[in-house]
Amino acid sequence: MITRNPPIQIENQLRKEALYGCIICGCPVLVYVDIIQQDKEVFIPENMVALCPIHRNKYHDNDLKEDLLRNAKLSPYNKEHQLDAFTVHSSDITVNVGKCKFVNTPRILVVDDFDIITVKRNPEDNRFILFDVNFFDSLNNLKAMLSENSWHSESADLDWIVRYEPRHLSIQKQSDTMLFDAKIDNEKEEITIIVDGFHYNQSLIQISQNEILVDKEEIAQDLKGTSVKNYEAGIMFQTR
């Protein structure tokens, strides 16, 4: 069961005022929190903030007080630390997957015509990067997803670890050894993605800096060492 988020219009409003990162740490993976814990069916943006899952949990544990959140709502982390934000300032978005390089190719990984990983610019501020990522387990259960950086996971699942350092995002589910890692090179302004423990239709998907593996067999070898631009999709394959 995926937890319910506010309507998309409110999500967009909260993301925009937070400059597309957690108001405390700048992490681009976001959930939306009612800081006065009102009726869960009522969403009032003035009483809500955008947090990463780690700081959401800290708030629920009473480690973050309302006054701190209200101050951060007015002066979010990415406003005060712009160089730390997950942003790309070059005219192109370049994504490295294995030894393949995809330029302006949003659909990075497509399996059985289903998008597993998508990387695109935020249309409201094209410096910021938006991820769509679907996390399936080995039984083809959707355990969590990023939808334009909004985080949805099983409400009872506390096993996810989201880490963020300046321009480096890591999402890990320890019990399933599932990993999504995205890092921006500060000099080249390129994004490198590493994946482990992903599945779709019970096929195991792994991406290192050197290989793209499906069920332990390397694919896309014809693209290795190449750079492709403005393709509809990057890595595409069909499961058996």
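*Asks:* Sorry if this is basic, but what is going on with the overall build of the chain here?
*Replies:* Within the chain one finds 4 helices and 18 strands. Its C-alpha atoms give the chain a radius of gyration of 18 Å, near enough to 18 Å, the size a compact globule of 240 residues would have. The dimensions of the chain, computed from C-alpha atoms along their principal axes, are 55 × 40 × 25 Å. With 240 residues in all, the chain has 52% of them scored as buried.

*Asks:* So what exactly am I meant to see when it comes to the packing of aromatic side chains here?
*Replies:* Two descriptors summarise a pair of aromatic rings, namely the distance from one centre to the other and the angle between the planes of the rings. Per the stated rule, a full pass over the model turns up 10 aromatic pairs. Judged by centre distance (5.5 Å) and plane angle (80°), the ring pair of F131 and F180 falls under edge-to-face. You can see F131 sitting in strand β7 (residues 129–136) and its partner F180 sitting in strand β12 (residues 178–184), a full 49 residues away along the chain. With 5.2 Å between their ring centres and 75° between their planes, F136 and Y200 make a pair best called edge-to-face. With a gap of 64 residues between them, F136 in strand β7 and Y200 in strand β13 (residues 190–200) connect regions that are remote in the sequence. Looking at F136, the relative accessible area reads 9%, which means it is buried. For Y200, a relative accessible area of 12% translates into the label buried.

*Asks:* Quick question: what am I supposed to make of the pairing of strand β2 (residues 48–51) here?
*Replies:* The side chains of a regular strand alternate, first on one face of the sheet and then on the other. Where burial is concerned, the two faces of β2 agree: the one with M48 and A50 and the one with V49 and L51 are both buried. Sheet analysis places strand β1 (residues 31–34) next to β2, joined by 4 bridges and oriented antiparallel. Paired with V33 across the two strands is V49, which belongs to β2.

*Asks:* Could you clarify how one ought to interpret the sheet that holds strand β8 (residues 142–147) in this entry?
*Replies:* Spatially, 6 strands are ordered β9-β8-β7-β6-β5-β18 in an open sheet, and the strand pairing comes out mixed. Every other strand in the sheet has two partners, leaving β9 (150–153) and β18 (233–237) as the edge strands with one partner each. Strand-to-strand twist across the sheet, computed as the mean angle between neighbouring axes with direction ignored, equals 10°. Strand direction decides the pairing type here: strand β5 (residues 107–111) and strand β6 (residues 114–121), joined by 4 bridges, are antiparallel. In the sheet register, V111 faces β6, and the bridge partner there is F114.

*Asks:* Any chance you could explain the pattern of salt bridges here in plain terms?
*Replies:* Any two side chains of opposite charge can pair, so long as their charged atoms come close to each other. Applying the stated criterion across every chain yields a total of 12 salt bridges. The partner of D132 in a salt bridge is K120, and the shortest N-O contact between them spans 3.9 Å. Separated by 12 residues along the polypeptide, D132 in strand β7 and K120 in strand β6 bring together distant segments of the chain. Between E148 and K120 there is a salt bridge, with the nearest N and O atoms lying 3.1 Å from each other. Of this pair, E148 sits in the loop between β8 and β9 while K120 sits in strand β6, and the two are 28 residues apart along the sequence. Taking relative accessible area as the criterion, E148 reaches 26% and is therefore assigned partly exposed. Through salt bridges with shared partners, a single ionic network connects R15, K120, D132 and E148.

Quick notes on the rules
Throughout, residues of each chain are indexed from 1 in the direction in which the sequence is written. Local features in this predicted model are restricted to residues whose pLDDT is 70 or higher, and side-chain atom pairs enter the listing and the counts only when it is 80 or higher, whereas totals over whole chains, interfaces and linings include all residues. Heavy atoms throughout the structure, all of them, feed into the side-chain values; hydrogens and water do not. Here a strand is any run of E in DSSP of at least two residues, a helix any run of H or I of at least four, and the numbering for each starts at the N terminus. We compute the radius of gyration from the C-alpha atoms alone; for a globule the expected value is 2.2 Å times N to the 0.38, where N is the number of residues. Burial here depends on accessible area, computed with a 1.4 Å probe over protein chains only, as a share of the maximum for the residue type. Under 20% is buried, over 50% is exposed, and the range in between is partly exposed. Pairing of aromatic side chains here covers Phe, Tyr and the six-membered ring of Trp, requires ring centres within 6.5 Å, and sorts the geometry by plane angle: under 30 degrees stacked, over 60 edge-to-face, intermediate tilted. Only strands that DSSP links by at least two bridges are regarded as paired with each other. Fitting a line to C-alpha atoms yields each axis, with helices limited to the stretch in contact; the angle taken between N-to-C directions then spans 0 to 180 degrees. Salt bridges are counted wherever a side-chain nitrogen of Lys or Arg sits within 4 Å of a carboxyl oxygen of Asp or Glu.

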